[in-house]
Amino acid sequence: MTLDIQKIRADFPVLDQQVNGSPLIYFDNAATTQKPKSVIDALSHYYASDNANIHRGIHALAERATTAFELTRTKIKEFINAPSSDQIILTAGTTGSINLVAQTFGRANFSTGDKILISNLEHHSNIVPWQMIAEEKGAIIEVIPVDERGVLDLEAYRNLLDASVKLVAVNHVSNAIGTINPIAEMIQLAHAHGAKVLIDGAQSIAHLDIDVQALDIDFFAFSAHKLFGPTGVGVLYGKRELLESMPPYQGGGEMIKEVSFEGTTYNELPYKFEAGTPNIADVIALSAAIDYVNALSKEALFTQELALLAYATEQLSTIPGLRIIGTAPDKIAVISFVMDGIHPQDLGVLLDKFGIAIRTGHHCVQPLMKRFGLPGTCRASFAFYNTFEEIDLFVKALRRSINMLQ
Amino acid sequence: MAQSIQETQEELIVEFGLFDDWADKYEYLIDLGKKLPSLSEDLKTEENVIKGCQSRVWLHAEKQGDQIVFEADSEAVIVKGLISMLIRVLSHHSAEEIMKADLYFIDQIGMSQHLAQTRSNGLLSMVKQMKNYALAFSAK
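The paragraphs below set out a description of the structure included in this document.

Thresholds, definitions, all that
Residues numbered from 1 in each chain as written. Chains lettered and ligands numbered in written order. Predicted model: local features only at pLDDT ≥ 70, side-chain atom pairs only at ≥ 80, totals over all residues. Heavy atoms only, no water. Helix = DSSP H or I, 4+ residues; strand = E, 2+ residues; numbered from the N terminus. Polar contact = N/O pair within 3.5 Å; in protein donor to acceptor, adjacent residues only side chain to side chain. Salt bridge = Lys/Arg side-chain N within 4 Å of Asp/Glu carboxyl O. Buried < 20%, exposed > 50% of the residue type's maximum accessible area, 1.4 Å probe, protein only. Phe/Tyr/Trp six-rings, centres within 6.5 Å; stacked < 30°, edge-to-face > 60°. Lys NZ or Arg CZ within 6 Å of the ring centre and 35° of its normal. Contact = heavy atoms within 4.5 Å. Buried area = accessible area lost by both parts, 1.4 Å probe. Nonpolar A, V, L, I, M, F, W, Y, C, P; charged D, E, K, R; others polar. Arc of directions from axis to C-beta.

## Overview of the side chain of Asn 181 of chain A
And step 1. Secondary-structure assignment places Asn 181 of chain A in the loop between strand 7 (165-171) and helix 7 (183-192).
And step 2. A polar atom in the side chain of Asn 181 of chain A sits 2.8 Å from the backbone oxygen of Asn 171 of chain A.

## Describing the pattern of salt bridges
And step 1. Within this structure, the stated rule accounts for 28 salt bridges over all chains.
And step 2. A salt bridge links Asp 86 of chain A to Arg 240 of chain A, with the nearest nitrogen and oxygen atoms 2.7 Å apart. Note that Asp 86 of chain A is positioned in the loop between helix 3 (60-79) and strand 4 (88-91) and Arg 240 of chain A in helix 8 (residues 240-245), a separation of 154 residues in sequence.
And step 3. Among the residues examined, Arg 240 of chain A registers a relative accessible area of 29% and is labelled partly exposed.
And step 4. Three or more residues joined by partner-sharing salt bridges are found here, namely Glu 41, Lys 44, Asp 73 and Lys 80 of chain B.

## Points about the packing of aromatic side chains
And step 1. Taken as a whole, this structure holds 24 aromatic pairs over all chains when the rule is applied.
And step 2. Centroid distance Phe 16 of chain B to Tyr 28 of chain B: 5.3 Å. Interplanar angle 75 degrees. Geometry classified as edge-to-face. A residue pair is termed long-range when its members are at least 10 positions apart, and Phe 16 of chain B in helix 1 (residues 5-17) and Tyr 28 of chain B in helix 2 (residues 22-35) qualify at twelve residues.
And step 3. Residue Phe 16 of chain B is classed as buried on the basis of its relative accessible area of 3%.
And step 4. For Tyr 28 of chain B, a relative accessible area of 22% gives the class partly exposed.
And step 5. In textbook terms, an aromatic cluster arises when at least three aromatic residues are bridged by ring pairs, as seen for Phe 12, Phe 228, Tyr 292, Phe 384 and Tyr 385 of chain A.
And step 6. Note that Lys 44 of chain B overlies the ring of Trp 58 of chain B, its terminal NZ or CZ placed 5.0 Å from the centroid.

## What to know about the interface of chain B and chain A
And step 1. Opposite the 17 residues of chain B that make contact, chain A presents 14 residues.
And step 2. For the pair chain B and chain A, the two sides together bury roughly 1,500 Å², of which 57% comes from carbon and sulfur.
And step 3. Our count for the contact surface shared by chain B and chain A stands at zero salt bridges.
And step 4. Scanning the region where chain B abuts chain A turns up six residue pairs in polar contact (both at pLDDT 80 or more).
And step 5. Put simply, the parts of the chain that give the side of chain B that touches chain A at least two residues each are helix 2 and helix 3 (77-90) of chain B.
And step 6. With six residues, helix 2 of chain B is the largest single contributor of residues to the side of chain B that touches chain A.
And step 7. Here the side of chain B that touches chain A is composed, by residue class, of eight nonpolar, six polar and three charged.

## What about helix 5 (residues 128-137) of chain A?
Residues and elements named next belong to chain A.
And step 1. When we look at burial in helix 5, the residues that qualify are Pro 129, Trp 130, Ile 133 and Ala 134. The arc that holds the buried residues of helix 5, viewed along the axis, is 125 degrees, so those residues lie on one side.
And step 2. Of the surrounding secondary structure, the elements contacted by the buried residues of helix 5 are helix 4 (94-109), strand 5 (115-119), strand 6 (140-144), strand 7 and strand 8 (196-200).
And step 3. Two residues or fewer past helix 5, Gly 138 is found with a positive phi of approximately 75 degrees.

Here is the structure:
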């Protein structure tokens, strides 16, 4: 399927604007993706027509809102091929999902001397929640190293795995350098040692096919806003027996079956983990984002992104003194780079003046930056609505910025 | 004292008024950054680091008579240019003058985007830290 990029771009209103006098070039898709008009319309339609609290109201609006809300859950289930909708827990984001697992699964299962394996590629949100629960429980965090290319050292991973490992928590794709990790193999190895696996799918959900059953994933977490959906919505998928055995997370309305002052019994899945009124509007709008991606086909979108990656890599390689950080053979369309003698922030400031949005800094992966001996990098991350012409303009602006700074 | 905080601000506004486009303005700012003497290594301490900046920024202040004298450095040259202007405006003034200074020149020369409260632009933190030093010295 060939994509009509100009037609696709017209679906994203935000792309059609000038920034500092130049057409916006948005290369910060790993931070958040832009939203198609259908998502924006779904949000406004909900508030204009259906707004009601869900699940308990018996009036028409409550029914419409509840139906739309639960329809999203079903769509998510299909999108990641989960066995059932009640294994889809709606949270505030990937961070919220990981904290949920740390505070419930971790609280119930970790004890002194147990190990949690994470990797050197992890985002702070897949490090800090584990440090917090590990400290409380006396568990130990060990780190799977990465090589110079930014590829996980699987030999070291094998050596770290033993019966004391209770959980392996790794990202599917590195947010900072784009490495796609071999999670199928990693999950198999973890399971062979009796460890459960949490996959942080924040950076893979919009680009790679996710089949939680085929991959035999125990927990999978992602955010809607990196999937062209709204901010403030995340998903946690979990295997049924794990979710059922985990204690509840936050207490409140919705998550209870019966409450008395003597005690409370908890609701069934997924509501046991969804205390309080959820982010109804944004959950409903996520439906539109999933429909959008499905209609274009994730595979076709990823093919376009890989072509952009290859072209940008080739073009950037022609700039003397520029070094690409993260050269794994399997990458999504993320390029991190540094320039000899120039601080990434300076390049970011100047590119912004050209209307180009990239990310500079440590990308919330300080341990990875330390591994490469860098204070930070410049990161350009592409989505299918980006174009080859934008890459040409970016490279031209980058050369000009470098000249200004040298 | 050579000139007042307000006079230096006016001077900077005139200087930046000479540029027609942003690129010339930033080239000048980069030049200011490159010309600002580096802070000696023994002053690049953890204590002197300004928190909240994407690049590391060090600010050192000392009292010379009635005046506060600032020295600063940064890994990023544009940040260094910005801080060089702040030093030019605020250094060698009394604590009281620094504390009550209204730094309107930043907006007038079109650099107010650097005051945004994001972690990447630390100008706001720099101004705050300079005023904090003034406050600390005046309390002594």
